[in-house]
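# Coordinates in review
Listed here are the chains, written in short residue letters.
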Amino acid sequence: MPQLSFQQNYNHMPSFSNAISQGTLSFIPFNIDDSISFKTLNVGMEVTLSSLGNISFTLSLGLYSLTGNSVSLANSISLSRSSNNGLGATTSQLYISATATSATQNITPGTWFWGIVGTSNASLLGDAAWSLYIGSLTNAGNAFPGGFIGGRMTASTNALPESYATSDLDITGNDAMGVPYILLSS
Amino acid sequence: MPQLNLIENFPDFNLKLFNIDDDLEQGRLNIHLVNFPGSLSFKTVAVLLKPGPVATTGSLTLSFGLYSLNASTFSLANSASYSRTFNANATSWATFATSATQNITPGNWFFVMNYSSNMGAGVFGIYGKNFALLDGTYGGPFFAGEYSITTAGLPASIATSDCVKKGGTATNWGGRTPYILLTA
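The paragraphs below set out a description of the structure included in this document.

Thresholds, definitions, all that
Residues numbered from 1 in each chain as written. Chains lettered and ligands numbered in written order. Predicted model: local features only at pLDDT ≥ 70, side-chain atom pairs only at ≥ 80, totals over all residues. Heavy atoms only, no water. Core = buried A, V, L, I, M, F, W, Y, C linked by side-chain atoms within 4.5 Å. Buried < 20%, exposed > 50% of the residue type's maximum accessible area, 1.4 Å probe, protein only. Helix = DSSP H or I, 4+ residues; strand = E, 2+ residues; numbered from the N terminus. Contact = heavy atoms within 4.5 Å. Salt bridge = Lys/Arg side-chain N within 4 Å of Asp/Glu carboxyl O. Pairing = 2+ DSSP bridges.

### Let's talk about the nonpolar core
Within soluble globular proteins, side chains that are nonpolar generally end up buried alongside one another. Judged by nonpolar contacts, the single largest core of 34 residues is most densely connected at L41, W114, I182 and L184 of chain A. When residues of this core are traced back to their parent elements, those giving at least two are β4 (26-32), β6 (40-48), β7 (55-67), β8 (70-83), β9 (91-98), β11 (110-120), β12 (129-134) and β16 (182-185) of chain A. By residue number, the principal contributor to this core is β7 of chain A, which donates five residues. With near-sequence residues (within four places) excluded, W114 of chain A lies in contact with S26, F27, I28, F30, F38, L41, L61, G62, L63, I182 and L184 of chain A. The next biggest cluster of nonpolar side chains, apart from the first, holds 29 residues, and it includes L49, L60, I104 and L182 of chain B.

### Here we look at the pattern of salt bridges
All names here are of chain B. Overall, the coordinates contain one salt bridge over all chains when judged by the stated rule. A salt bridge links E146 to R28, with the shortest nitrogen-to-oxygen separation between them at 2.5 Å. Here E146 is found in strand β11 (residues 144-147), whereas its partner R28 is found in the loop between α1 (22-25) and β4 (30-36), with 118 residues between them in sequence. The same class applies to E146 as to R28, namely buried.

### Let's talk about the sheet that holds strand β1 (residues 3-4) of chain A
Each strand in a sheet pairs with another by means of backbone hydrogen bonds, the pair being arranged parallel or else antiparallel. Residues and elements named next belong to chain A. The strand order across the open sheet built from three strands is β1-β5-β10, with neighbouring strands paired in mixed fashion. Looking along the sheet, the strands with just one partner apiece sit at the ends: β1 and β10 (106-107). Where β1 and strand β5 (residues 35-37) come together, two bridges link them in parallel fashion. The residue bridging Q3 from the neighbouring strand is S35, located in β5.

### Quick word on unusual backbone geometry
Residue and element names in this part refer to chain B. Located in the positive-phi region is A71, a residue other than glycine, with phi close to 60°. Within the element layout of this structure, A71 appears in the loop between β6 (58-70) and β7 (73-86). When its relative accessible area of 71% is taken as the criterion, A71 is described as exposed.

### Considering the side chain of T160 of chain B
With respect to the secondary-structure elements, T160 of chain B resides in the loop between β12 (157-159) and β13 (163-165). Not counting the four nearest positions on each side in its chain, T160 of chain B is found in contact with L69, S72, T73, F74 and F142 of chain B.

### A closer look at the sheet that holds β8 of chain A
Residues and elements named next belong to chain A. Spatial ordering of the open sheet is given by β14-β8-β7-β11-β4-β13-β15, a layout of seven strands whose pairing is antiparallel. In this open sheet, the two edge strands, each paired with only one partner strand, are β14 (163-165) and β15 (169-170). When β4 meets strand β13 (residues 151-153), the two strands line up antiparallel, connected through two bridges. From the neighbouring strand, F27 faces β13, where its bridge partner is G151.

Following this line, the structure appears as structure tokens:
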């Protein structure tokens, strides 16, 4: 199989922003069309700065495979940023990228899942907020009536689990199912 | 791998009209990554155009290039060119045929487009999407942006070191990406 240089889930940066809920881990699907050496990851974020102080955040992404009804951690990467605004609240649109994967991996083709969880000091800064750009805000009222396509943990966590049962996930609503833009490059 | 009938860079069709600033953007190459999940027998390129609010008579030429990337060099694999005169202001499909028969193989490809016109600024628009975020650019190797050198046509090869990432100092043409559909 030929190697890819890039894999992205959208051919453009989506325009909807979805606020990141601290301590809430979501799993989102990500198709890999062909093998790719996992070196760099980019996401798109909207960050509302605060007049009260610097906002800092860390976003952890785990690459999971799905076997039966369980996702298992294969790799991980962490993105951190601190944004300074001393002049009042403004909104920044940023690419956030990282290269330090937890393991060297040539990702094989197929459907993988990203587990995404973040921590920040935004709640201490009143008007600060941080969001990921996602493809749609469509809010289906019922759970997806088929195989696993993603969902959100109901238990609070700041860490990526080694494995997780998909039957224990919330799979209803765009807060649980929104898919952020992700680009991998080799 | 499947044989596809079409590939479009923005399948959701939720497009925005960009009025082109004639003075700043002629001769600039917009470059962006498109993943091909299957093969496509490449015959036709299509874009959506709209002349500006005042009906203007003039000419427009669009050049589309399909490029592959090997290490840090883009290479031209195929091209298509479109020319017309405008004298109306309706949105319309513009289609143009490829220069050579090609069965595009699955993988990473790059759509490149530039234009030339004599109609002045703001009298021609193309539908597409804003890609760039406003406050900085992406990490890792180049995959979307524009060629930093103004050119009248499509170069046979482009070094990624001569490209400006979206969100960098790219012009509007580099930050906005036209909707492009390829069909068999």
